[in-house]
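What the coordinates show
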Amino acid sequence: MDSLHTLKAPANSSHRKKRIGRGQGSGWGKTAGRGGKGQKARTGNMHFEGFEGGQSPLQRRMPKMGFRSPNRKVFALVGLGELGTLPEGSVVDIEMMRAKGWIKGRVDGVKILANGELKVSLTVKAHRFSKAAKEAIVAAGGKAEELPLVIHPEGTRK
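Residues numbered from 1 in each chain as written. Predicted model: local features only at pLDDT ≥ 70, side-chain atom pairs only at ≥ 80, totals over all residues. Heavy atoms only, no water.

Regarding its fold elements, the chain presents four helices and six strands. In the chain, the succession of α and β elements from N to C terminus is α-β-α-β-α-β-β-β-α-β. On C-alpha atoms alone, the chain measures out to a radius of gyration of 33 Å, which is more than a quarter above the 15 Å that the 2.2 N^0.38 rule sets for 158 residues. Principal-axis analysis of the C-alpha atoms places the extent of the chain at approximately 95 × 55 × 25 Å. The buried share among the 158 residues of the chain stands at 22%. About 12,300 Å² of surface is accessible on the chain, with carbon and sulfur atoms providing 53% of the total. Counting 30 positive and 13 negative side-chain charges, the chain places the centres of these two groups 21 Å from one another. (Helix = DSSP H or I, 4+ residues; strand = E, 2+ residues; numbered from the N terminus. Rg over C-alpha atoms; globule rule 2.2 N^0.38 Å. Buried < 20%, exposed > 50% of the residue type's maximum accessible area, 1.4 Å probe, protein only. Areas by Shrake-Rupley, 256 points an atom, 1.4 Å probe, with all protein chains shown as cover. Lys, Arg positive; Asp, Glu negative; His and termini not counted. Charge placed at Lys NZ, Arg CZ, Asp CG, Glu CD.)

Shown next as structure tokens:
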């Protein structure tokens, strides 16, 4: 009995490629299997995706929606709840947040939000702070340092 890796096609079981348009003697000359006249006989027709025989194609019938600004800024969002797990007096910067797994992928900046509670004093360095988050950090005896937003050319977010 053959194993799957030793199987072979039987002899003479594969057909040669049909070579069309090679003269009348081949049986596939003149119209080369396209028949006479008509749209299907012409070159350059019905070869593009979405063609529906003259009916308005689906991608044109569907309404346009949405817009994504080419100048948008993508921020990673970090809540005070995550910061509250750190020891007293820590300095929280972008590298530390990335190491902890709070920031993933390519982003233009980091924004600190007031999700959760903060009871330890920390020095937090980020690009943006929500008003409530900044107040909570200062109220806990810490500092909120705003970093300048670095403008990257398109496609080079870190």
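So much for the structure itself; the text now carries on.
Before going further, it helps to examine the environment of S13. Positionally, S13 belongs in the segment before helix 1 (58–61). For S13, a relative accessible area of 39% gives the class partly exposed. With 93 residues separating them along the chain, S13 and R106 place their C-alpha atoms 53 Å apart.

Moving on, we get to the packing of aromatic side chains. The tally for this structure, following the rule as stated, stands at zero aromatic pairs. A cation over a ring is seen here: K18 above W28, with NZ or CZ 4.0 Å from the ring centre. (Phe/Tyr/Trp six-rings, centres within 6.5 Å; stacked < 30°, edge-to-face > 60°. Lys NZ or Arg CZ within 6 Å of the ring centre and 35° of its normal.)

All right, on to the sheet that holds strand 2 (residues 91–92) then. One open sheet holds the three strands; their spatial order is 2-4-6, and the pairing between them is parallel. The strands lining the two open edges of the sheet, one partner per strand, are strand 2 and strand 6 (143–146). Where strand 4 (residues 123–126) lies against strand 6, four bridges are found, and the strand directions are parallel. Across the sheet, the residue bridging to K125 is E145, located in strand 6. (Pairing = 2+ DSSP bridges.)

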